[in-house]
Each structure stands twice: as structure tokens, then as C-alpha cells.
Amino acid sequence: MQFYALDAKGRTISAKRAQKHCNYLCIECGTRVRLRGGAHRQDHFYHLETVRSCRLRQKGMVHLQLQDYFFHQL
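Residues numbered from 1 in each chain as written. Predicted model: local features only at pLDDT ≥ 70, side-chain atom pairs only at ≥ 80, totals over all residues. Heavy atoms only, no water.

Student: In this structure, what is going on with the pattern of salt bridges? I would like to understand it.
Tutor: For side chains of opposite charge, pairing can occur when their charged atoms come near one another. Across all of its chains, the model carries two salt bridges by this definition. Taking the shortest distance from any N to any O, the salt bridge between arginine 11 and aspartate 7 comes out at 3.1 Å. According to the relative accessible area criterion, arginine 11 is partly exposed, its value standing at 48%. We classify aspartate 7 as buried; its relative accessible area is 15%. (Salt bridge = Lys/Arg side-chain N within 4 Å of Asp/Glu carboxyl O. Buried < 20%, exposed > 50% of the residue type's maximum accessible area, 1.4 Å probe, protein only.)

In C-alpha cells, the structure reads:
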């Protein structure tokens, strides 16, 4: 699960600004990710293919929320 990805032009985009049904690239491993979320789940990107070596795939919601919080505090 992740909150940031790369768009088609290689710019970082947050899940809050991304669109569903569009392909993005994982900032860690470079594979395709898409936006997921809704009324009961925070918007985030998910991998379309299983990539075991990607470290972002293994991080949970609380971990990512803390990272995002610290990022904005700095």
C-alpha cells in the first residue's frame, strides 16, 4: 500500500489527486500501480502485479500514515 506514485510524465502524484482506472508507476520498483479507495478505505495505490522485492508493498496503513505525517512535519 502506498500514498504516492509517478504519473506518465514521471512526476510524483499523491493518491488524493490521482484518478481511478489510470496507470501509475511505483516509486520504489517502477511497476504499474493503480488507485484504490472509497468511503471506508483511504485512497492508496496498489500493485497490479505481485512484486515481492518491492518494500512499499509490505507497509501497512499505520506505517504509511506515520511516514506521511513526518514528511509533512519536516
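Student: What is the right way to read the packing of aromatic side chains from this model?
Tutor: How two aromatic rings sit relative to each other is given by the distance of their centres and the angle of their planes. In the structure shown here, the tally under the stated rule is two aromatic pairs. Plain terms: the ring middles of tyrosine 24 and phenylalanine 45 are 5.3 Å apart, the flat faces sit at 65 degrees to each other, and that makes the pair edge-to-face. With tyrosine 24 in strand S3 (residues 24–26) and phenylalanine 45 in strand S5 (residues 44–47), this residue pair connects regions lying 21 residues apart in the sequence. Residue classification places tyrosine 24 among the buried residues on the basis of a relative accessible area of 8%. (Phe/Tyr/Trp six-rings, centres within 6.5 Å; stacked < 30°, edge-to-face > 60°. Helix = DSSP H or I, 4+ residues; strand = E, 2+ residues; numbered from the N terminus.)

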